[in-house]
There are 2 protein chains.
Amino acid sequence: MAEVIPHWLTKQADLSPEAIAMELEDGSTVTFKILKEKSQRFAKQLAQRGVSEGSHVGILSTNQIPMIVAIHALSYLGAVGVLLNTRLTAEELNYQVTDAEVSILITADHLKESCQTLNVNHIQSFSDIEAQPGKEVTLKSELDLGNTFTIIYTSGTTGFPKGVLHTYGNHWWSAIGSALNLGLNKDDKWLIPLPIFHVSGLSTSIKSVIYGMPVYLLEKFDTEAVHQAIINKGITIVSVVTMMVQRLMDRLGDESYPKTLRCMLLGGGPAPKPMLERAKEKKIPVFQSYGMTETASQIVTLGPKDALEKIGSAGKPLFPAQLKIEQTTDELVGEILVKGPMVTNGYFKNEDANSKLFDNGWLATGDVGYLDDEGFLYVVDRRKDLIISGGENIYPSEIESVLSGMEQIREVGVAGKTDNVWGQVPIAYVVKHKEVTVEAIYTYAEKRLAKYKLPKEIHFVEGIPRNASNKLVRSKLIDLY
Amino acid sequence: MAEVIPHWLTKQADLSPEAIAMELEDGSTVTFKILKEKSQRFAKQLAQRGVSEGSHVGILSTNQIPMIVAIHALSYLGAVGVLLNTRLTAEELNYQVTDAEVSILITADHLKESCQTLNVNHIQSFSDIEAQPGKEVTLKSELDLGNTFTIIYTSGTTGFPKGVLHTYGNHWWSAIGSALNLGLNKDDKWLIPLPIFHVSGLSTSIKSVIYGMPVYLLEKFDTEAVHQAIINKGITIVSVVTMMVQRLMDRLGDESYPKTLRCMLLGGGPAPKPMLERAKEKKIPVFQSYGMTETASQIVTLGPKDALEKIGSAGKPLFPAQLKIEQTTDELVGEILVKGPMVTNGYFKNEDANSKLFDNGWLATGDVGYLDDEGFLYVVDRRKDLIISGGENIYPSEIESVLSGMEQIREVGVAGKTDNVWGQVPIAYVVKHKEVTVEAIYTYAEKRLAKYKLPKEIHFVEGIPRNASNKLVRSKLIDLY
């Protein structure tokens, strides 16, 4: 039987009623006591609208306080939150709300209008719910860590998206694993520039409650806002993806960040080495990490003491987690398998996918990587992005990493294209930073890449396709040209 | 099913091989890598002597590295450690080893001779085991948090001692609850002056492995050694009992501790208020706490931000824990009940005691206390030490707290004595610090205590009976005179 703990928000409100739970750009704050009161009130208002234990409630919102309140409210009722990506089309959203058996959809006020075509019987804005009288129901005073709290659909770059089930325990252990890695300082303040409908943003809002730590909440990523917050607001930790680090470094110029910033936690896929080296020069504490929706955020992180020496590595699995490489050939490189109490128990109603993914508690991530002789993980690529060309394995991220080292290049995406001779060949899509020719790029690349890895075509494009969490979607690259 | 995590020592040795796990007074240190290697070797040597999964292995030792190695070795085999108090008589030890079904006893080299009368077939010193060749067995690479790791007998001031079962999970959650309360700083170093055969010392040695934190290990409490370590060795946290705080303050005199000392974690029963006030004046960060063997060490602690305002309180239950007061009358004061994943599942082979102690997951502690209007716990006394005199409840610790405020008094113990008129009356046993008369004590006490609480007798004694963890044993007070 899973462990039972006191309801985490009630508990933190009891331990630190006046401590700041959330801080907004405009300087306004919410204490844990207020957050609890708002969430409990919202829970009773949701109950009035028929939400009860086990209900599946869609949440469609940009980052804002009512969204976090709504999520905590669900935990007071034992209801399950299905977190929906605001960037999806109506068709994509309809797939998810139907698959997840959503009975009621709660949405940010400004999004309600656009929801009317969705296939859900009850659609209510945060304000609609707040206008309810509230029903006197018994709220949960405890959380059973074995119970499901949230469902988040994976990006699903192939096939239909799958709803990842997260128990309270998955979120709890993720928070604890991260704390054992990063430490718990009493002046910590964690900036969320990533959407809360993704697990990285969601997990930080839960860490806030478990640690008694303020989060600095941005409605969406904005280079200037993040820059100013780091400089002026005492941010100690910020979660970012590669694109954000690039833009923040450009904004930073010759300045440097204050010492208060102790961790820039980098997720969202393999990072280009030149970027990491540039960050190292600028003394920005970038910690590479590795994780996915299925692991309730980061499961591998490069700890502070190794961040500089092991540049390019995602680090070692968090304290409660395990990792191994499934080597199918003699190569060191193989599929990454992970295990631990933060790893999902499976996908909602998807026995087929579940049976394929899990082997005796080990989750096959679909990512490819290797361990160095000290056990540090290097993530090479998504297995499905692997390009096999004339029998040679080519990892697109390796080519991207090399080309992005050219100062004239802002971004690169590499994908495999079907080829009659080689099976597949790599094609590069380049976003320029400064003027550059295809010939110059080849001259640069030939010195650094084996011949079979040289892109067979190089195309200049305006932007690289990214999904809602800013991850490069290689499957869409080929459509670009 | 309980969660499974990687073996904690293997994991920490992997994450921080060169970090210091233990530091001794002579300056020698042991890294996590070495600690793991020693423990794995010792496990194989124990296997050679027949220890295997589920074996009950007695450990009788003062604090020393081989003891900690032996404890970790058991976890590599899935064996259960029965931690024995070196201060017990042979008769008392025989009761425990028999009750706990100990099949082999491992002891410090210098104690082996004195063990010969014990009722155990195999008695081996640490050196005996280290001389074994070692058997090639598969060591545990994971820990199932639901499995039993240790058994520690409770002081048992009434009736026979009972063997408290601790799972890996109890120890894990205790460490996590403490970290969420105290924070996790990268320069933390925790001093253990308390015996490892008690849960307070044991739990710190486990925290070391989970946090990746050095412990500074003393073979036994020594005022000068603790004082010097705090002043010169960068100790940030030290676990103490009341007597130790008194002696350390006497030693400190007009000096003050360096700022590196951030927490003096005080356990072992209600603390006299005058002592706490004196510590506050000296700016010593004394954090009162409350816990017992059954809760795998502290379960309630006064957090840093409330330590000065709520002097005398034991604080609030740790994040994963819950607490309530069972009020049997209209009084605010009642028995303290606790619940949480650090609380034992029960006593070994003692269904009778188990059924009495647990009610739906709540453990009846046998202690009496109340919560103030902000939810802070004040522990009044052990319920069994309560003196009922003419129908009035008298808490011995209240009288002790008042009398110990006299500067001429070093220590006080109060117990109830049968009385034909009142049922019971309080009797005080006083250890002098400076010359003082019985009359002077009464003059002092009459101003501060209701008449029915005034001790009916005051006796001067040389010392106060304490058990092996330095807790006052009130049941033995009456024997003093």
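Refer to the preceding data block for the structure.
Below, the structure is looked at part by part. Please read all numbers here as calculations on a predicted model, not as lab measurements.

### What to know about the overall build of chain A
- When its secondary structure is counted, chain A shows 13 helices and 27 strands.
- Relative to the 2.2 N^0.38 estimate, which gives 23 Å for 481 residues, the radius of gyration of chain A is 23 Å and therefore close to what a compact globule would have.
- Dimensions of chain A, computed from the C-alpha atoms along their principal axes, are close to 70 × 50 × 45 Å.
- By residue count, 59% of the 481 residues in chain A fall in the buried class.
- Across chain A, contacts joining residues at least 24 apart in sequence account for 66% of those joining residues at least 6 apart.
- As displayed, chain A has an accessible area near 19,600 Å², and 47% of this comes from carbon and sulfur atoms.
- Charged side chains of chain A number 49 positive and 57 negative; the gap between the two group centres comes to 3 Å.

### A word on the interface of chain A and chain B
- Taken together, the contact between chain A and chain B spans 35 residues of the former and 35 residues of the latter.
- Interface of chain A and chain B: buried area, both sides summed, is about 3,000 Å²; carbon and sulfur atoms make up 60% of it.
- In this structure, the connection of chain A to chain B is made through 4 salt bridges.
- A salt bridge links Lys316 of chain A to Asp14 of chain B, with the nearest nitrogen and oxygen atoms 3.5 Å apart.
- Counting across the interface, chain A meets chain B through 13 residue pairs in polar contact (both at pLDDT 80 or more).
- Within the residue set of the side of chain A that touches chain B, elements represented by two or more residues are β1 (4-6), α1 (8-15), α6 (168-182), α7 (199-211) and β17 (316-317) of chain A.
- When its residues are assigned to classes, the side of chain A that touches chain B shows 22 nonpolar, 5 polar and 8 charged.

### Things to note about the relation of the copies chain A and chain B
- Mapping chain A onto chain B leaves a residual RMSD of 0.1 Å; the transformation is a rotation of 180° accompanied by 0.0 Å of translation along its axis. Classification of the inter-copy transformation places it as that of a two-fold axis.
- Mapped onto chain B, 100% of the interface residues of chain A are again interface residues, and the two copies thus contact each other with one and the same surface.

### Section: the sheet that holds strand β6 (residues 104-107) of chain B
Residues and elements named next belong to chain B.
- Spatially, the 6 strands line up as an open sheet ordered β7-β6-β4-β5-β9-β10, and their pairing is mixed. Each edge of the open sheet is held by one strand with a lone partner, namely β7 (122-125) and β10 (163-167). Direction aside, neighbouring strands of the sheet carry axes that sit 25° apart on average.
- Sheet topology places β6 next to β7; 4 bridges connect them, and they run parallel.

### Section: helix α8 (residues 223-232) of chain A
- Those residues of α8 of chain A that fall on the buried side of the exposure criterion are Thr223, Ala225, Val226, His227, Ala229 and Ile230 of chain A.
- At its buried positions, α8 of chain A is contacted by β11 (190-192), β12 (215-217), β13 (237-241), α9 (242-252) and β14 (263-267) of chain A.

### Let's talk about unusual backbone geometry
- Look at Lys349 of chain A: it is not a glycine, yet its phi comes out positive at around 50°.
- The backbone of Glu101 of chain B sits at a positive phi, close to 55°, despite the residue not being glycine.

### Here's the deal with the packing of aromatic side chains
- Per the counting criterion, the structure on display carries 15 aromatic pairs over all chains.
- When the ring of Phe42 of chain A is compared with that of Phe126 of chain A, the centres are 6.4 Å apart and the planes differ by 65°; the resulting orientation is edge-to-face. Of this pair, Phe42 of chain A sits in helix α2 (residues 32-48) while Phe126 of chain A sits in helix α5 (residues 126-130), and the two are 84 residues apart along the sequence.
- In textbook terms, an aromatic cluster arises when at least three aromatic residues are bridged by ring pairs, as seen for Trp172, Trp173 and Phe319 of chain A together with Trp172, Trp173 and Phe319 of chain B.
- Across the ring face of Tyr444 of chain A, the terminal group of Arg448 of chain A is positioned such that the distance to the ring centre comes to 3.7 Å.
- Just above the ring of Trp362 of chain B sits the side chain of Lys324 of chain B; from NZ or CZ to the centre is 4.3 Å.

### What to know about the packing of α8 of chain A against α9 of chain A
Residues and elements named next belong to chain A.
- The geometry of α8 relative to α9 is characterised by a closest axis approach of 10 Å and an angle of 65° between their N-to-C directions. Considering the angle they form, α8 stands roughly perpendicular to α9. At the point where α8 passes α9, the crossing takes the right-handed sense. Counted together, Thr223, Glu224, Val226, His227 and Gln228 of α8 and Arg247, Leu248, Arg251 and Leu252 of α9 form the full contact between these two elements.
- Of the residues belonging to the contact of α8 with α9, the class tally is 3 nonpolar, 3 polar and 3 charged.

### Thoughts on helix α10 (residues 273-281) of chain B
All names here are of chain B.
- Along α10, the residues classified as buried are Met275, Leu276 and Ala279. Projected down its long axis, α10 shows its buried positions confined to an angular sector of 100°, all on one face.
- On its buried face, α10 sits against α9 (242-252), β14 (263-267) and β15 (286-292).
- A positive backbone phi angle near 55° is found at Lys283, which sits one or two residues after α10.

### A look at the nonpolar core
- Counting residues in each nonpolar core, the largest one holds 215 residues, and the members touching the most others are Trp8, Trp172 and Ile210 of chain A together with Trp8, Trp172 and Ile210 of chain B.
- With near-sequence residues (within four places) excluded, Trp8 of chain B lies in contact with Phe319 of chain A together with His72, Leu143, Phe149, Tyr168, His171, Trp172, Ile206, Val209 and Ile210 of chain B.

### Looking at the pairing of β14 of chain A
Residue and element names in this part refer to chain A.
- With 5 of its 5 residues buried, β14 lies for the most part within the structure.
- Residue alternation in β14 divides its side chains into two sets, Cys263, Leu265 and Gly267 and Met264 and Leu266, and both sets are buried.
- As paired strands, β13 and β14 are joined by 5 bridges and run parallel to one another. Across the sheet, residue Ile237 finds its bridge partner in β14, namely Cys263.
- You can see the chain leave β13, run along α9 and come back into β14, and the turn it takes is right-handed.

### Examining the side chain of His56 of chain B
All names here are of chain B.
- In this fold, His56 is placed in strand β4 (residues 56-60).
- Only 2.7 Å separates the side chain of His56 from the backbone oxygen of Ala100, close enough to count as a polar contact.
- Setting aside chain neighbours within four positions, we find His56 in contact with Val80, Val82, Ala100, Glu101, Val102, Ser103, Ile104, Ile151 and Phe348.

### Quick notes on the sheet that holds strand β25 (residues 409-419) of chain A
Residue and element names in this part refer to chain A.
- Strand order in the open sheet formed by 3 strands is β25-β26-β27, and the pairing between neighbours is mixed. Sheet topology places β25 and β27 (457-460) at the edges, where each strand pairs with a single neighbour. For this sheet, the mean inter-axis angle between neighbouring strands, taken without regard to orientation, is 25°.
- Sheet analysis places strand β26 (residues 423-432) next to β27, joined by 4 bridges and oriented parallel. Opposite Ile427, over in β27, you have Glu457 as the bridge partner.
- The strands that helix α12 (residues 396-403) touches are β25 and β26; relative to β25, the one it contacts most, it runs at about 145°.

### Considerations on the environment of Trp172 of chain A
- With respect to the secondary-structure elements, Trp172 of chain A resides in helix α6.
- If we ignore the near neighbours within four places in the chain, the residues touching Trp172 of chain A are Ile5, Trp8, Leu145 and Ile210 of chain A together with Trp173, Ile176, Leu180, Phe319 and Pro320 of chain B.

### Regarding the packing of α1 of chain A against α7 of chain A
Residues and elements named next belong to chain A.
- Interaxial distance between α1 and α7 falls to 8 Å at its minimum, and their mutual angle equals 45°. By the angle class used here, α1 and α7 are oblique. Between α1, through Trp8, Leu9 and Gln12, and α7, the contact on the second element is made entirely by Ile206, Val209, Ile210 and Tyr211.
- Looking at side-chain class alone, the contact of α1 with α7 contains 6 nonpolar, 1 polar and no charged residues.

### Describing the environment of Phe126 of chain A
Residue and element names in this part refer to chain A.
- Judged by its relative accessible area of 2%, Phe126 is buried.
- Residues Phe126 and Val412 lie 286 residues apart in sequence; the distance between their C-alpha atoms is 40 Å.
- With residues up to four places along the chain from it excluded, the contact list for Phe126 reads Phe42, Ser61, Gln64, Pro66, Met67, Ala70, Ile106, Thr107, Ala108 and Asp109.

### Quick notes on the pattern of salt bridges
All names here are of chain A.
- Within this structure, the stated rule accounts for 44 salt bridges over all chains.
- Note that Arg410 is salt-bridged to Asp250, the shortest N-O span being 3.9 Å. Of this pair, Arg410 sits in strand β25 while Asp250 sits in helix α9, and the two are 160 residues apart along the sequence.
- Among the residues examined, Arg410 registers a relative accessible area of 41% and is labelled partly exposed.

### What to know about the pairing of β6 of chain B
Residue and element names in this part refer to chain B.
- Side chains Ile104 and Ile106 project from β6 onto one buried face, and the interleaved Leu105 and Thr107 project onto a second face that is buried too.
- Both β4 and β6 contribute to a ladder of 4 bridges, which runs parallel. In the sheet register, Ile59 faces β6, and the bridge partner there is Ile106.

About the thresholds
- Residues numbered from 1 in each chain as written.
- Chains lettered and ligands numbered in written order.
- Predicted model: local features only at pLDDT ≥ 70, side-chain atom pairs only at ≥ 80, totals over all residues.
- Heavy atoms only, no water.
- Helix = DSSP H or I, 4+ residues; strand = E, 2+ residues; numbered from the N terminus.
- Rg over C-alpha atoms; globule rule 2.2 N^0.38 Å.
- Buried < 20%, exposed > 50% of the residue type's maximum accessible area, 1.4 Å probe, protein only.
- Contact = heavy atoms within 4.5 Å.
- Areas by Shrake-Rupley, 256 points an atom, 1.4 Å probe, with all protein chains shown as cover.
- Lys, Arg positive; Asp, Glu negative; His and termini not counted.
- Charge placed at Lys NZ, Arg CZ, Asp CG, Glu CD.
- Buried area = accessible area lost by both parts, 1.4 Å probe.
- Salt bridge = Lys/Arg side-chain N within 4 Å of Asp/Glu carboxyl O.
- Polar contact = N/O pair within 3.5 Å; in protein donor to acceptor, adjacent residues only side chain to side chain.
- Nonpolar A, V, L, I, M, F, W, Y, C, P; charged D, E, K, R; others polar.
- Least-squares fit on C-alpha atoms with pLDDT ≥ 70 in both.
- Pairing = 2+ DSSP bridges.
- Axes fitted to C-alpha atoms, helices over the stretch in contact; angles between N-to-C directions.
- Phe/Tyr/Trp six-rings, centres within 6.5 Å; stacked < 30°, edge-to-face > 60°.
- Lys NZ or Arg CZ within 6 Å of the ring centre and 35° of its normal.
- Parallel < 35°, antiparallel > 145°, perpendicular 65-115°, else oblique.
- Left-handed = near helix turned anticlockwise from the far one by under 90°.
- Arc of directions from axis to C-beta.
- Core = buried A, V, L, I, M, F, W, Y, C linked by side-chain atoms within 4.5 Å.
- Right-handed = clockwise from strand over helix to strand, strands pointing away.

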